[in-house]
Amino acid sequence: MQEITIRDEYIKLGQAMKLAGLASSGVEAKVLIQEGLVTVNGEMDDRRGRKLYPGDVFCFEETEVKVVAL
């Protein structure tokens with residue numbers, strides 16, 4: 001499982017996908033999320049602005065990424 005570290009209270013899903021290297025741009029992240037290809041904590045979520053907090057896990061194409069606090 002991959003991890004991304006955040007300094008703030010939360011990170012938006014689209015930003016987290018870019019930070020994890022799963023999307024090259026915000027537009028690409030938006031399309032992938034809206035097509036239902038991303039899960040958050042095991043459930044499909046189609047909101048690019050979904051807030052992720054430390055401990056949340058999102059998954060795209062079998063790559064799981066955990067959000068951790070700095």
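Whatever comes next refers back to the structure up there.
Residues numbered from 1 in each chain as written. Predicted model: local features only at pLDDT ≥ 70, side-chain atom pairs only at ≥ 80, totals over all residues. Heavy atoms only, no water.

Asker: It is not clear to me how the side chain of Asp56 should be interpreted in this structure. Could you clarify?
Answerer: Position of Asp56 relative to the elements: it lies in the loop between β5 (51–52) and β6 (57–60). Of the side chains with opposite charge, Arg50 lies nearest to the buried Asp56, which makes no salt bridge, at 5.1 Å. A distance of 3.0 Å separates polar atoms of two side chains, one belonging to Asp56 and the other to Asn41. Residues in contact with Asp56, not counting those within four places in the same chain, are Asn41, Lys51, Val65, Lys66 and Val67. (Helix = DSSP H or I, 4+ residues; strand = E, 2+ residues; numbered from the N terminus. Buried < 20%, exposed > 50% of the residue type's maximum accessible area, 1.4 Å probe, protein only. Lys, Arg positive; Asp, Glu negative; His and termini not counted. Salt bridge = Lys/Arg side-chain N within 4 Å of Asp/Glu carboxyl O. Polar contact = N/O pair within 3.5 Å; in protein donor to acceptor, adjacent residues only side chain to side chain. Contact = heavy atoms within 4.5 Å.)

Asker: Mind showing me how you'd approach the pairing of β6 here?
Answerer: Put simply, side chains in a regular strand alternate between the two faces of the sheet. Residues Val57 and Cys59 line one face of β6 and the alternating positions Phe58 and Phe60 line the opposite face, and both faces are buried. Note: strand β3 (residues 38–40) against β6, 3 bridges, orientation antiparallel. From the neighbouring strand, Val40 faces β6, where its bridge partner is Phe58. Of the strand pairs in this sheet, β6 and strand β7 (residues 63–69) are connected by 4 bridges, and their pairing is antiparallel. Of the residues in β7, the one forming a bridge with Phe58 is Val65. (Pairing = 2+ DSSP bridges.)

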